[in-house]
Each structure stands twice: as structure tokens, then as C-alpha cells.
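If you want the building blocks of each chain, they are given just below.
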Amino acid sequence: MHKVNVDELFQGKQSKYALVVGVSKRARQITQTFEEEGTVTEDKPVLLAIDEIKNHKISIYEPDEDEL
């Protein structure tokens, strides 16, 4: 079982909504890449996306309130 510490992921983020959207977008990209390459894996794309964010391999862009 893969345990995720949400507080650790949320560190430095403005909103949990942005975190959820970022994880879901990255998971869709991973899924698409696997389909295009024909890769078969038991790893879940959502868990791979969470690991990438946790390990700072990717970052989530959050616009400033002035930009909204």
C-alpha cells in the first residue's frame, strides 16, 4: 500500500485544489505516454504523479491572486 502524506505534498502550495488539478493533469500525461509507447506497468499513474511532485521532479504552477 502506498501511503501519501498530504501535508508534505501541500507544503508551499496556495490551495489544495491546485494540487489536485496538478496531480490529475500529470497522471493523464503519464497515461497517454504509456499508451503511446505501449508500456505495461502495475504502477498507478496517480501515484507516479504524486511521487514526481513529492520529489520535486515537476512543480505545479499556481497563479497569483492578481492574475485571477
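Residues numbered from 1 in each chain as written. Predicted model: local features only at pLDDT ≥ 70, side-chain atom pairs only at ≥ 80, totals over all residues. Heavy atoms only, no water.

Description of the layout of surface pockets
A water-sized probe, rolled over the atoms, reveals where empty space remains.
So, step 1. Considering only enclosed or pocket space, the largest pocket measures out at about 210 Å³ in volume.
So, step 2. What lines the largest pocket is simply Tyr 17, Ala 18, Val 21, Gly 22, Lys 25, Arg 26, Gln 29, Ile 58, Ser 59, Ile 60 and Tyr 61.
So, step 3. In the lining of the largest pocket, the residues fall into six nonpolar, three polar and two charged. (1 Å grid on protein atoms, 1.4 Å probe; cavity = no way out; pocket = protein on both sides within 12 Å on 5 of 7 lines; lining within 4 Å. Points joined across faces, edges and corners; volume = space filled by probe spheres on them. Nonpolar A, V, L, I, M, F, W, Y, C, P; charged D, E, K, R; others polar.)

Some details on the pattern of salt bridges
So, step 1. The tally for this structure, following the rule as stated, stands at one salt bridge.
So, step 2. One salt bridge connects Arg 26 with Glu 52, and the closest N-O pair in it is separated by 2.5 Å. Placement of the pair is Arg 26 in helix α2 (residues 16–37) and Glu 52 in helix α3 (residues 45–54), with a sequence separation of 26 residues.
So, step 3. Taking relative accessible area as the criterion, Arg 26 reaches 21% and is therefore assigned partly exposed. (Salt bridge = Lys/Arg side-chain N within 4 Å of Asp/Glu carboxyl O. Helix = DSSP H or I, 4+ residues; strand = E, 2+ residues; numbered from the N terminus. Buried < 20%, exposed > 50% of the residue type's maximum accessible area, 1.4 Å probe, protein only.)

Some thoughts on the confidence of the model for the chain
The predicted coordinates ought not to be read in detail in places where the model reports low pLDDT.
So, step 1. In this model, the chain carries a mean pLDDT of 82, and residues with pLDDT of at least 70 account for 78%.
So, step 2. Considering each helix and strand of the chain separately, the mean pLDDT is smallest for helix α1 (residues 6–10), with a value of 69, and largest for α2, with 91. (pLDDT = per-residue confidence, 0-100.)

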